[in-house]
Amino acid sequence: MLRGCCLARRGALACIDGGSRHGRGAAIGCRSSGKRGRSSVAQQPLITAQKSGKGEHAWAAVVGLEIHAQISSNSKLFSGSQVQFAAPPNSLVSFFDASLPGTLPVLNRRCVEAAVMTGLALKCHINKKSLFDRKHYFYADLPAGYQITQQRLPIAVNGSLEYSVCVGKKQSQVITRTARIKQIQLEQDSGKSLHDELRSQTLIDLNRAGVGLLEVVLEPDMSCGEEAATAVRELQLILQALGTSQANMADSEIERQIIELENGREILNETRSFDCKLGCTIPMRDKEGKQDYRFMPEPNLPPLLLYDTASLPPGADPQQVINIDRIREQLPELPSETREQLIQQYGMLPEHSFTILNEVGLLEFFQNVIKETRAEPKKVTSWILNNFLGFLKQQNLAVNESPVTPSALAELLNLLDRKAISSSAAKQVFEELWRSKGKTPSQIVSEKQLELMQDGEALDRVCLAVMEEHPQVVLAMKRGNPRAINKLIGLVRKATLSRADPTVIKEILEKKLSS
């Protein structure tokens, strides 16, 4: 799961003046404090050529991210303690997790493999030798007084994350952008502090202490909260993990800094928390500088050595070494490849492929419908995005909570494809499927008598009767009024209780008028 994201450590608001940009200065930064369950923003002073008045310059936001992703592993990064969500407090804590004297870390192979796979997927250079460091700070849920991380020489560096944003009036133009990845490092999580204000006490739960994290550091290559959220969502898809990013935090902080700078005030180096009720960031504490962490080499862990096929020692035990090339061969299909396949195989528009992939569970739903229906893929896409997804949003449901199954939608589209029902009847059936759980589309069609008229002679007689009852409309049609035939089609459909195909009705009417 994604533990948090932040505005860049190296980003800032840049002043654009007559084509020149005054120095970015050191960063606005933003950290998500996972251990305390709050997002925060840390800032450093912006260096500008001169102080300017309000409204004299346009401000350009520069946004970067630090993302902590919890590694999917059965045990913790340096101990054999189980990783389990919602376990009783302090029930999954080893002696090492509690930092008892004499305990030593043992590196989890699964966590290392996950870091290498993530680095490869994000086009990083994998360091065959990486180091572990101690990052010192003092908090109640950090028993050792330090975290083990990879500050000096991380496991992966110099990668990139491609993400796409939809622009234009109808959001139909897709632009691909790239955010540089500075590094990916392994580190252990801290515990959790539960503040009981009623009793004025803090309770500590160390179940999370020592859980393996991937810290992904993105350079400040984004310009707004929307871009940051899109990049985070793309990373979520790549990691196949759980988690969200509230882009409104980034946008509100950008707006706050613009106001501060235009009023001649300094951006302080502090940690800020996002207040959901106020819709803005509020100060929490002064931001610790990098030097305050007192990084030092971790004395209890040797350098982490990785190999590729060329450098693998002869006769090496595969269980004792990690082969980068072997992990590369096991990389799954990435989201960008899946979208390209949807476009090529089903003729899907690029913007539709993003929606299908971004909604959790929607791709699987789409693929299951495709397997069971004879309808054209474009029609399936249209129904899922316009009707199915619309109902989900209206009812605030997830895909896996939908009362309409892929089989039910496939059956409905089959009825429509073989012209057993009209488009309007299909929409009635779809609405009924949401209300009548357990009923099939065929049962609803039969109960409500929504089948299209298959008797051509009977429909011919209905058309003739309607024309005789409305001679003025017929006359207007003969005089070339284009609306007249639509009027007649509507009258025939009303007479047949909407059970006649409008296309067939039009053909019959035109034939009779021309004879």
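Structural data are supplied above this passage.
Residues numbered from 1 in each chain as written. Predicted model: local features only at pLDDT ≥ 70, side-chain atom pairs only at ≥ 80, totals over all residues. Heavy atoms only, no water.

**A word on the overall build of the chain**
For the record, the criterion: The way it works is that DSSP assigns letters per residue, a run of H or I at least four long becomes a helix, a run of E at least two long becomes a strand, and they are numbered from the N terminus. Per-residue accessibility, obtained with a 1.4 Å probe over protein chains only, is compared with the maximum for each type, and a residue is labelled buried under 20%, exposed over 50%, and partly exposed between these values. A contact between two residues is defined here by any heavy atoms of the two lying within 4.5 Å. Note on areas: Shrake-Rupley, 1.4 Å probe, and residue coverage restricted to the protein chains presented here.
Of the regular secondary structure elements, the chain holds 15 helices and 20 strands. A buried classification covers 48% of the 515 residues belonging to the chain. Expressed as a percentage of contacts within the chain between residues at least 6 apart in sequence, the contacts between residues at least 24 apart total 67%. About 26800 Å² of surface is accessible on the chain, with carbon and sulfur atoms providing 50% of the total.

**Remarks on the sheet that holds strand 19 (residues 296–297)**
One key point about sheets: their strands pair by backbone hydrogen bonds, in either a parallel or an antiparallel sense. Filter applied, for reference: Only strands that DSSP links by at least two bridges are regarded as paired with each other.
Overall, antiparallel pairing links the 3 strands, which are arranged 11-10-19 in an open sheet. The outermost strands of the open sheet, each flanked by one partner alone, are strand 11 (146–149) and strand 19. Here strand 10 (residues 133–136) pairs with strand 19 via 2 bridges, running antiparallel. Note that in strand 19 the partner of Asp-133 across the bridge is Pro-297.

**A word on the environment of Asp-205**
The following threshold applies: Side-chain atoms alone can form a polar contact between residues adjacent in sequence; in general such a contact is a pair of N or O atoms within 3.5 Å, and within protein one must be able to donate a hydrogen while the other accepts it.
Checked against the element boundaries, Asp-205 lands in strand 15 (residues 201–205). Separated by 116 residues in sequence, Asp-205 and Pro-89 have C-alpha atoms that sit 5.3 Å apart. The residues contacting Asp-205, other than those within four sequence positions of it, are Pro-89, Asn-90, Gly-191 and Lys-192. At 2.9 Å, the side chain of Asp-205 forms a polar contact with the backbone nitrogen of Asn-90. Polar side-chain contacts of Asp-205 include one of 3.1 Å to the backbone nitrogen of Asn-207.

**Some details on the nonpolar core**
Spelled out, the test is: Nonpolar cores were defined as sets of buried Ala, Val, Leu, Ile, Met, Phe, Trp, Tyr and Cys residues, with membership established by side-chain atoms within 4.5 Å.
Core analysis: the biggest nonpolar cluster contains 47 residues, and Val-116, Ile-155, Leu-186, Leu-218, Met-222 and Leu-306 have the highest contact counts within it. Of all elements in the fold, only strand 7 (63–70), helix 1 (109–121), strand 11, strand 12 (156–167), strand 13 (173–188), strand 16 (212–222), helix 2 (225–239) and helix 4 (324–329) reach the threshold of two or more residues within this core. Here this core takes 7 residues from helix 1, the largest share from any one element. Setting aside its immediate chain neighbours within four residues, Leu-186 contacts Ile-71, Leu-77, Cys-111, Val-112, Ala-115, Phe-132, Ile-148, Thr-149, Gln-150, Ile-155, Leu-213 and Leu-214.

**Some points on the packing of aromatic side chains**
Note the threshold: Paired rings are identified among Phe, Tyr and Trp, the last through its six-membered ring, by centres lying within 6.5 Å, and are further divided according to the angle between planes into stacked (under 30 degrees), edge-to-face (over 60) and tilted (the rest). Each ring is checked for a lysine NZ or an arginine CZ that lies within 6 Å of its centre and within 35 degrees of its normal; such an atom marks a charge sitting over the ring.
Tallied over the entire structure, the rule returns 11 aromatic pairs. Between the aromatic rings of Phe-388 and Trp-434, the centroid separation amounts to 6.4 Å while the plane-to-plane angle is 45°, which identifies the pairing as tilted. Of this pair, Phe-388 sits in helix 8 (residues 377–395) while Trp-434 is found in helix 10 (residues 423–435), placing the two residues 46 residues apart along the sequence. Pair check on accessibility: Phe-388 and Trp-434 agree, each one buried. Between Phe-391 and Trp-434 the ring centres are 5.1 Å apart and the planes differ by 25°, which places this aromatic pair in the stacked class. Of this pair, Phe-391 sits in helix 8 while Trp-434 sits in helix 10, placing them 43 residues apart in sequence. Of the two residues, Phe-391 and Trp-434, both sit in the buried class. These aromatic residues form a ring-pair network of at least three members: Phe-365, Trp-383, Phe-388, Phe-391, Phe-430 and Trp-434. The ring centre of Tyr-293 lies 4.5 Å from the NZ or CZ of Lys-135, which sits over that ring.

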